[in-house]
Amino acid sequence: MTKMMWAYSPDIDHPNYGALETDEFNAGQVIGEHVARKIFERRDDDYCLQYATLDWKKERDERGIENCEWDDVKKEERGQYWRLVYRYYPRKKA
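Residues numbered from 1 in each chain as written. Predicted model: local features only at pLDDT ≥ 70, side-chain atom pairs only at ≥ 80, totals over all residues. Heavy atoms only, no water.

Draft legend 1. Spotlight on the overall build of the chain. Looking only at helices and strands, the chain features 2 helices and 4 strands. When its helices and strands are written in sequence order, the chain yields β-α-β-α-β-β. A globule of 94 residues ought to have a C-alpha radius of gyration of about 12 Å, yet the chain, at 17 Å, is considerably larger. Its C-alpha atoms put the chain at 55 × 35 × 20 Å along the principal axes. Out of the 94 residues in the chain, the part that is buried amounts to 30%. The long-range fraction of contacts in the chain, counting pairs at least 24 apart against all pairs at least 6 apart in sequence, stands at 76%. Summed over its atoms, the accessible surface of the chain is roughly 7000 Å², and 48% of this surface lies on carbon and sulfur atoms. Considering the chain, the positive charge centre built from 17 side chains and the negative charge centre built from 20 side chains are found 4 Å apart. (Helix = DSSP H or I, 4+ residues; strand = E, 2+ residues; numbered from the N terminus. Rg over C-alpha atoms; globule rule 2.2 N^0.38 Å. Buried < 20%, exposed > 50% of the residue type's maximum accessible area, 1.4 Å probe, protein only. Contact = heavy atoms within 4.5 Å. Areas by Shrake-Rupley, 256 points an atom, 1.4 Å probe, with all protein chains shown as cover. Lys, Arg positive; Asp, Glu negative; His and termini not counted. Charge placed at Lys NZ, Arg CZ, Asp CG, Glu CD.)

Now the structure itself:
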């Protein structure tokens with residue numbers, strides 16, 4: 001029995017190949033990093049999530065929070081304003 005494997009063919013000649021792209025979100029309430037990833041992560045094969053972090057400037061300016069809220073149990077940041085950073089790996093056009 002043979003397995004069918006999907007061949008990923010990246011377009012390494014694309015001028016933006018490997019570029020960082022950022023999405024910013026207001027969750028509307030304080031949430032943890034794990035929840036922010038579940039809600040806001042792109043479901044697109046051309047992007048690879050690198051990390052999620054609080055938008056510190058907006059947390060300070062909008063919420064008046066000086067220090068990061070930290071969940072000691074889950075070991076993650078908590079906040080309302082999130083930034084998700086991706087790498088862009090486009091596929092070759094057929």
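So, next bit.
Draft legend 2. Main features of the environment of E59. Relative to the elements of secondary structure, E59 occurs in helix α2 (residues 56–63). Separated by 11 residues in the primary sequence, E59 and C48 have C-alpha atoms spaced 25 Å apart. Apart from the residues within four sequence positions on either side, E59 is in contact with L54, G64, I65, G79, Q80 and Y81. A polar contact of 2.4 Å, which involves the side chain of E59, links it to the side chain of R63. (Polar contact = N/O pair within 3.5 Å; in protein donor to acceptor, adjacent residues only side chain to side chain.)

Draft legend 3. A look at the nonpolar core. Counting residues in hydrophobic clusters, the biggest one holds 11 residues: I31, A36, F40, Y47, L49, A52, L54, W82, L84, Y86 and Y88. Of all the secondary structure elements, the ones that give two or more residues to this core are α1 (33–40), β2 (47–54) and β4 (76–88). (Core = buried A, V, L, I, M, F, W, Y, C linked by side-chain atoms within 4.5 Å.)

Draft legend 4. Molecular detail of the pairing of β4. Counting buried residues in β4 gives 10 out of 13 residues, a clear majority hidden from the surface. Bridge count for β2 against β4 is 7 bridges, and the pairing is antiparallel. Paired with L49 across the bridge in β4 is Y86. The sheet contact formed by strand β3 (residues 69–71) and β4 spans 3 bridges and is antiparallel. Bridging from a neighbouring strand, W70 pairs with E77 of β4. (Pairing = 2+ DSSP bridges.)

Draft legend 5. Broad picture of the pattern of salt bridges. Scanning the entire structure with this criterion turns up 11 salt bridges. A salt bridge links D46 to R91; its shortest N-O distance comes to 3.9 Å. Pair noted here: D46 is in the loop between α1 and β2 and R91 is in the segment after β4, with a separation of 45 residues, a long-range link. Taken together, the shared-partner salt bridges connect E24, D55, K58 and R83 into one network. (Salt bridge = Lys/Arg side-chain N within 4 Å of Asp/Glu carboxyl O.)

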